[in-house]
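Given next are the chains, with one letter for each unit.
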Amino acid sequence: MIVLNKDTMQIVREQDVVLFRNRVREYSTKIGMNLVNQTKLITAASELVRNMLKYADGGQVIIEIISNNARNGVKLTFIDQGPGIADVPQAMQDGFSTGKSLGLGLPGAKRLVNEFEIQSKPGEGTRVSVTHWKHGR
């Protein structure tokens, strides 16, 4: 995998979410991603960045344009120093929520992208990486 372009954004307040969404749109447009796949990526990204704000008081996101075997995609890595997730498999189930939400955030985001990876340790924080390829599903 080759990183063609990379940017890091700090997310600490609600206004940062708008700037972040715009940056994701710029990156996905730059590689020629169609509108449907842009919308899937931005929707997943919005959910993950809002989780980061809600549960960890923010964090940082690495935005990358990547290339792998002539495929181009956008990879987003969300890193926070929040409370972490005690039971990741449980958190990945539809309907599970520690907050007052529908519990569709993490599993919903996973369904919208081509690749999804989560690592979390209670007391240390969470790292979620998602990739959506130009010609995603």
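Numbering of residues begins from 1 in every chain and follows the order in which that chain's sequence is written. Totals for whole chains, interfaces and linings use every residue, but because this is a predicted model, local features are given only for residues with pLDDT of at least 70 and side-chain atom pairs only at 80 or more, for both listing and counting. To obtain the side-chain values, all non-hydrogen atoms of the structure were used and water was disregarded.

Enquirer: Account for helix α1 (residues 14–30), with residues named and values stated.
Expert: Side chains three or four residues apart in an α-helix point the same way, a direct result of the helix having 3.6 residues per turn. Note on conventions: DSSP H or I runs of at least 4 residues are helices, E runs of at least 2 residues are strands, and numbering of each starts at the N terminus. To estimate the expected span of a helix, subtract one from its residue number and multiply by 1.5 Å. For α1, spanning 17 residues, the distance from its first C-alpha to its last is 25 Å, which sits close to the expected 24 Å at 1.5 Å a residue. Restricting attention to buried positions, one finds in α1 the residues Asp16, Val17, Phe20, Val24, Tyr27 and Ser28. Each buried residue of α1 lies within a common arc of 105° when the element is viewed along its axis, so the set occupies one face. With respect to the buried face of α1, the exposed residues turned more than 90 degrees away are Gln15, Leu19 and Lys30. Under the scheme applied here, a residue whose accessible area is under 20% of the maximum for its type counts as buried, over 50% as exposed, and between as partly exposed, the area being computed with a 1.4 Å probe on protein chains only. Regarding the arc, it is the one traced by the directions from the helix axis to the C-beta atoms.

Enquirer: Give me the sheet that holds strand β1 (residues 2–11): which residues, what numbers.
Expert: For two strands to be treated as a pair, DSSP must find at least two bridges joining them. A sheet is described by the order of its strands in space; here five strands give the open sequence β1-β2-β3-β5-β4, paired in antiparallel fashion. The strands lining the two open edges of the sheet, one partner per strand, are β1 and β4 (115–121). Averaged over all pairs of adjacent strands, the angle between their axes in this sheet comes to 10°, without regard to strand direction. Where strand β2 (residues 59–68) meets strand β3 (residues 71–80), nine bridges bridge the pair, whose relative direction is antiparallel. Paired with Ile66 across the bridge in β3 is Gly73. Fitted lines through C-alpha atoms give the axes, limited to the stretch in contact for helices. The angle between two N-to-C directions lies from 0 to 180 degrees.

Enquirer: Tell me what's going on with helix α2 (residues 35–56), and back it up with residues and numbers.
Expert: An ideal rise of 1.5 Å per residue puts 32 Å on 22 residues; α2 measures up with 31 Å between its terminal C-alpha atoms. Considered for burial, the residues of α2 that qualify are Asn37, Gln38, Leu41, Ile42, Ala44, Ala45, Ser46, Leu48, Val49, Met52, Leu53 and Ala56. Any pair of nitrogen or oxygen atoms within 3.5 Å is treated as a polar contact; in protein, a donor-acceptor pairing is required on top of that, and neighbouring residues in sequence qualify only through side-chain atoms on both sides. Its side-chain oxygen at 3.2 Å from the backbone nitrogen of Val36, Asn34 defines the N-terminal cap of α2. Positive backbone phi, at 55°, marks Asp57, one or two positions downstream of α2.

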